[in-house]
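An overview of the molecular structure
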Amino acid sequence: MSRTRISTAADAVASVGDGDTVLVGGFGMAGMPVALIDALIEHGAKELTIVSNNAGNGDTGLAALLKAGRVRKVVCSFPRQSDSYVFDELYRAGRIELEVVPQGNLAERMRAAGAGIGAFYSPTGVGTPLAEGKETRTIDGRDYLLEFPIHGDVALIGAHTGDRAGNLVYRKTARNFGPVMASAARTTIAQVRQIVDVGALDPEAVVTPGIYVDHLVKVNT
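These numbers were taken from a predicted model, which means no experiment stands behind them.

So, the overall build of the chain
- When helices and strands are tallied, the chain shows six helices and 14 strands.
- Its C-alpha atoms give the chain a radius of gyration of 17 Å, near enough to 17 Å, the size a compact globule of 221 residues would have.
- Expressed as lengths along the three principal axes of its C-alpha atoms, the size of the chain is roughly 50 × 45 × 30 Å.
- Counting the 221 residues in the chain, one finds 51% classified as buried.
- Look at the contacts in the chain between residues 6 or more apart in sequence, and 74% of them connect residues 24 or more apart.
- Accessible surface computed for the chain: about 10,700 Å², of which carbon and sulfur atoms make up 49%.

Section: the nonpolar core
- Counting residues in each nonpolar core, the largest one holds 33 residues, and the members touching the most others are Leu65, Leu66 and Leu156.
- If you list the elements that add at least two residues to this core, you get helix 1 (9-12), strand 2 (21-24), helix 2 (34-43), strand 3 (48-51), helix 3 (62-67), strand 4 (71-76), helix 4 (85-92) and strand 9 (152-158).
- Every residue in contact with Leu156, bar those within four places of it in the chain, is listed here: Val13, Val22, Leu23, Val24, Gly25, Pro33, Leu36, Ile37, Leu40 and Ile189.
- Counting residues in each nonpolar core, the second largest holds 23 residues, with Val51, Ala113, Ala159 and Ala182 among its members.

Overview of the sheet that holds strand 7 (residues 136-139)
- Across the sheet, which stays open at both edges, the three strands sit in the order 6-8-7 with antiparallel pairing between neighbours. What marks the edges here is a single partner per strand, and that holds for strand 6 (120-122) and strand 7. With strand direction ignored, the average angle separating the axes of adjacent strands in the sheet is 45 degrees.
- Across three bridges, the pairing between strand 6 and strand 8 (residues 142-147) is antiparallel. Counted as the bridge partner of Phe120 is Glu147 from strand 8.
- Of the strands in this sheet, strand 6 and strand 8 are in contact with helix 5 (residues 103-115), which crosses strand 6 at around 170 degrees.

Topic: the pairing of strand 9
- By the criterion of burial, strand 9 is predominantly enclosed, with six of the seven residues buried.
- Examined bridge by bridge, strand 2 and strand 9 share three bridges and lie parallel to one another. Paired with Leu23 across the strands is Ala155, a residue of strand 9.
- Both strand 9 and strand 12 (residues 185-192) contribute to a ladder of six bridges, which runs parallel.

Some words on the pairing of strand 14 (residues 215-218)
- When strand 1 (residues 5-6) meets strand 14, the two strands line up parallel, connected through two bridges. Bridge pairing in strand 14 links Ile6 to Leu216.
- Two elements, strand 12 and strand 14, share four bridges in a ladder whose sense is parallel. When the bridges of strand 14 are listed, Ala190 appears paired with Leu216.

Regarding the pattern of salt bridges
- A complete count under the given rule lists 10 salt bridges for this structure.
- Between Glu99 and Lys73 there is a salt bridge, with the nearest N and O atoms lying 3.3 Å from each other. Residue Glu99 is found in strand 5 (residues 97-100), and its partner Lys73 is found in strand 4; the two are separated by 26 residues along the sequence.
- Judged by its relative accessible area of 27%, Glu99 falls in the partly exposed class.
- Note that Arg164 and Asp197 form a salt bridge whose closest N and O atoms lie 3.2 Å from each other. Linking Arg164 in the loop between strand 10 (161-163) and strand 11 (168-169) with Asp197 in the loop between strand 13 (194-196) and strand 14, this pair joins segments that are 33 residues apart in sequence.
- On the accessibility criterion, Arg164 (44% relative accessible area) is partly exposed.
- Overall, Asp197 belongs to the partly exposed group, its relative accessible area being 49%.
- Taken together, the shared-partner salt bridges in this structure form one network comprising Lys73, Glu99 and Arg109.

Definitions and cut-offs
Residues numbered from 1 in each chain as written. Predicted model: local features only at pLDDT ≥ 70, side-chain atom pairs only at ≥ 80, totals over all residues. Heavy atoms only, no water. Helix = DSSP H or I, 4+ residues; strand = E, 2+ residues; numbered from the N terminus. Rg over C-alpha atoms; globule rule 2.2 N^0.38 Å. Buried < 20%, exposed > 50% of the residue type's maximum accessible area, 1.4 Å probe, protein only. Contact = heavy atoms within 4.5 Å. Areas by Shrake-Rupley, 256 points an atom, 1.4 Å probe, with all protein chains shown as cover. Core = buried A, V, L, I, M, F, W, Y, C linked by side-chain atoms within 4.5 Å. Pairing = 2+ DSSP bridges. Axes fitted to C-alpha atoms, helices over the stretch in contact; angles between N-to-C directions. Salt bridge = Lys/Arg side-chain N within 4 Å of Asp/Glu carboxyl O.

Structure, rendered in structure tokens:
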């Protein structure tokens, strides 16, 4: 029997606690689980650590969560862009912490969490301020930094279609961090545009197996 529950957004995020680490999918707004974030704002959990590709766009989605004052720290690759004014204001005022992680390392650190890998060496960041405090090792004449997995208490991801067993398929660039986040979190919540019966999806097209998905939420946007 599938462990995936078909839930409302409010019910799905009800277990998110103060101080949790929340992995939030999306590449800009592509794949951003806005309905789940809105439910999280309504839920009221605070002092969250958010792991995402960027630090929010405009006033919606992740930016709205930051604006509500629920986030203590952001771990991301691209904190600043033309419409990241919510994060900019909070950061300049000293009201939020930031950890910058190169994009490839961000994805690999979450993939490592899902794969049970204790740590790995990466050349990205060598010789930059991002190397401060990290173990360095020379392998075949090249320097590498030791990087550790990023585990999430909860992952909020957006997909296009899910079946009742929780298997997910994505649409184009919305397939970004969702797959690695689903495997790296203790609880994974996926918002989808449609839910179909088991067997309706081509098994070869499934990107995130249902074993990683705890809650499935159907949204109209």
